[in-house]
Protein chains: 2
Amino acid sequence: MTGDPEDRADAWFHALADRTRRDILRRVLAGEHSVSTLARSYDMSLTAVQKHVAVLEGAGLITRRRSGRESLASADGVELRAVARLLTELESHWRDRITRIDALLAEEGSADRPPAAAPPTP
Amino acid sequence: MTGDPEDRADAWFHALADRTRRDILRRVLAGEHSVSTLARSYDMSLTAVQKHVAVLEGAGLITRRRSGRESLASADGVELRAVARLLTELESHWRDRITRIDALLAEEGSADRPPAAAPPTP
DNA sequence: ACAACCCACAACCACTGGGTTGTAGGTTCT
DNA sequence: AGAACCTACAACCCAGTGGTTGTGGGTTGT
């Protein structure tokens, strides 16, 4: 993990950009699952599922602990909230524009119809 | 666009999984930009930027309109909110688990220390 | 001790993704 | 008309991704 926000975002979105991984994430968010248990749900080899789990783990979206011969994957929603927050920050660029446009319109409006009492520039 | 939610999610996250595309999205959310204007900001060919814009458009994250010889890209935050909503839905799996665990703990607690007055099963 | 099971890892393969260059067509400006 | 500009598209290259099989090692149950 490099710590660079852009790298983290790359890892997050890349991990989420596969439907199998999203499904694994759903299951794991609902409770701990072993890799082989997860693998039984998909029409692919165990190794493939292993790799998907590794990608999710590398992105910090899930964690694993060993219990005897099996490796249990679990996840909390905290990291997902971080991803959602990033999207909200992106969206704020748009909201900024909207408020900027509103400000312009208001200014224009006041230019067309100047205040009756005091002039705007003291 | 297939309309299948999983396909849409694939497209969304894949589009967001590239820092150049995220940056383009930021700029475009802040206001309309032509493709060549965008291209000037990056150390890559115009064609590469064109492709990035096409991916974002394919994912429904931005739209384009032609104005004379240039193609202006713009975006609103609505689609991004949809992505964030999807993440929140994923996270809800986790919250469900937490509330389930809380319920179990509460049940256990009441079994250890049953109510003094009325029995729980009427 | 042995079989059955779960996992890790290496090697390989087909396909996609991000990047390039080159060519060509429509627009704007002078 | 001609130059400069913006975009579109095809063809290609290389790296990475998602998938496979095979091997091997630790764990559990009989």
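All chains use their own residue numbering, which begins from 1 and follows the written sequence. Starting at A for chains and at 1 for ligands, labels are handed out in the order in which the entities are written. Local features in this predicted model are restricted to residues whose pLDDT is 70 or higher, and side-chain atom pairs enter the listing and the counts only when it is 80 or higher, whereas totals over whole chains, interfaces and linings include all residues.

1. Some details on the protein's contact with DNA strand D
The condition that has to hold: By definition, a residue lies near a molecule or strand provided its backbone-derived C-beta atom is within 6 Å of it. We count a stretch as a helix when DSSP gives it H or I for four or more residues in a row; a strand needs E for two or more, and each element gets its number in order from the N terminus.
Close to DNA strand D lie 20 residues; Ser-45, Ala-48, Gly-68 and Arg-69 of chain A together with Ser-36 of chain B are nearest. The set of elements that each furnish at least two residues to the surface near DNA strand D consists of α4 (46-58) of chain A together with α3 (35-39), α4 (46-58) and β3 (70-74) of chain B. Among the elements that line the surface near DNA strand D, the one with the most residues is α4 of chain A, at 5 residues.

2. With respect to the domain arrangement of chain A
When the parts of a complex come together, some accessible area is lost, and that lost area is often taken as the interface size. All names here are of chain A. Note the following rule: Residue ranges for the domains originate in an automatic or database domain assignment. The contact criterion used here is simple: two residues whose C-beta atoms, placed from the backbone, lie within 7 Å are in contact.
According to the domain assignment, chain A contains domain 1 (5-75) and domain 2 (77-111). Centre-to-centre separation of domain 1 and domain 2, based on C-alpha positions: 33 Å. If you look at the interface, domain 1 gives 5 residues, while domain 2 gives 4 residues.

3. A look at the protein's contact with DNA strand C
Note the following rule: We call Asp, Glu, Lys and Arg charged. Ala, Val, Leu, Ile, Met, Phe, Trp, Tyr, Cys and Pro are nonpolar, and the rest, Gly among them, are polar.
Neighbouring DNA strand C are 19 residues, the closest being Ser-36 of chain A together with Ser-45, Ala-48, Gly-68 and Arg-69 of chain B. Elements with a minimum of two residues in the surface near DNA strand C: α3 (35-39), α4 and β3 (70-74) of chain A together with α4 of chain B. For the surface near DNA strand C, the element with the most residues is α4 of chain B, which contributes 5 residues. For the surface near DNA strand C, the per-class residue count stands at 4 nonpolar, 10 polar and 5 charged.

4. Comments concerning the relation of the copies chain A and chain B
There are two copies of the chain, and a rotation about an axis plus a shift along that axis relates them. For clarity, the cut-off: We superpose the copies by least squares over the C-alpha atoms of residues that have a pLDDT of at least 70 in both of them.
It takes a turn of 180 degrees to lay chain A on chain B, together with a shift of 0.0 Å along the axis; the resulting RMSD is 0.0 Å. Both copies are brought into coincidence by an operation consistent with a two-fold rotation axis.

5. As for helix α1 (residues 5-16) of chain A
Residue and element names in this part refer to chain A. Rule in force here: Expected helix span is taken as 1.5 Å per residue step, with the number of steps being one fewer than the number of residues. Three exposure classes are used, all based on how many other C-beta atoms lie within 10 Å of a residue's own C-beta (placed from the backbone): buried at 20 or more, exposed at 12 or fewer, and partly exposed between those limits. Summarising the geometry, the arc corresponds to the directions from the helix axis toward the C-beta atoms.
Its 12 residues place the ends of α1 16 Å apart at the C-alpha level, agreeing with the 16 Å of an ideal helix rising 1.5 Å per residue. All of the buried residues in α1 are Ala-9, Trp-12, Phe-13, Ala-15 and Leu-16. Around the axis of α1, the buried residues are gathered within 160 degrees of arc, so they sit on the same side. Summarising the geometry of α1, the exposed residues directed more than 90 degrees from the buried face are Glu-6 and Asp-7.

6. Things to note about the packing of helix α2 (residues 19-30) of chain B against α4 of chain B
All names here are of chain B. For clarity, the threshold we go by: To get an axis, a line is fitted to the C-alpha atoms, and for a helix only the part in contact is used. The angle between two axes follows their N-to-C directions and goes from 0 to 180 degrees. Here roughly perpendicular refers to angles of 65 to 115 degrees, roughly parallel to angles under 35, roughly antiparallel to angles over 145, and oblique to all remaining angles.
For the pair α2 and α4, interaxial distance at closest approach is 10 Å and the crossing angle is 70 degrees. The orientation of α2 with respect to α4, classified from their angle, is roughly perpendicular. Contacts between α2 and α4 involve Thr-20, Arg-21, Ile-24 and Leu-25 on the former and, on the latter, His-52, Val-53, Val-55 and Leu-56. Class assignment of the residues belonging to the contact of α2 with α4 gives a composition of 5 nonpolar, 2 polar and 1 charged.

7. Re the nonpolar core
The cut-off we apply is this: Each nonpolar core comprises buried Ala, Val, Leu, Ile, Met, Phe, Trp, Tyr and Cys residues, the members being joined through C-beta atoms within 7 Å.
Grouped together as the largest cluster of nonpolar side chains are 47 residues, with contacts concentrated most on Leu-25 and Leu-56 of chain A together with Leu-25, Leu-56 and Leu-61 of chain B. Of all the secondary-structure elements, those providing two or more residues to this core are α1, α2 (19-30), α4 and α5 (78-112) of chain A together with α1 (5-16), α2, α4 and α5 (78-112) of chain B. For this core, the leading source of residues is α5 of chain A, giving 6 residues. Two domains share this core, each providing at least three of its residues, namely domain 1 (5-75) and domain 2 (77-111) of chain A. Discounting chain neighbours no more than four positions away, the residues touching Leu-25 of chain A are Leu-56, Leu-61, Ile-62 and Ala-75 of chain A together with Leu-90 of chain B.

8. Focus on the interface of chain A and chain B
Of the residues lining the interface, 30 residues belong to chain A; the matching set on chain B comes to 30 residues. Breaking the side of chain A that touches chain B down by element, the ones donating at least two residues are α1, α2 and α5 of chain A. At 13 residues, the largest contribution of residues to the side of chain A that touches chain B is made by α5 of chain A. Looking at the side of chain A that touches chain B residue by residue, the class counts come to 14 nonpolar, 5 polar and 11 charged.

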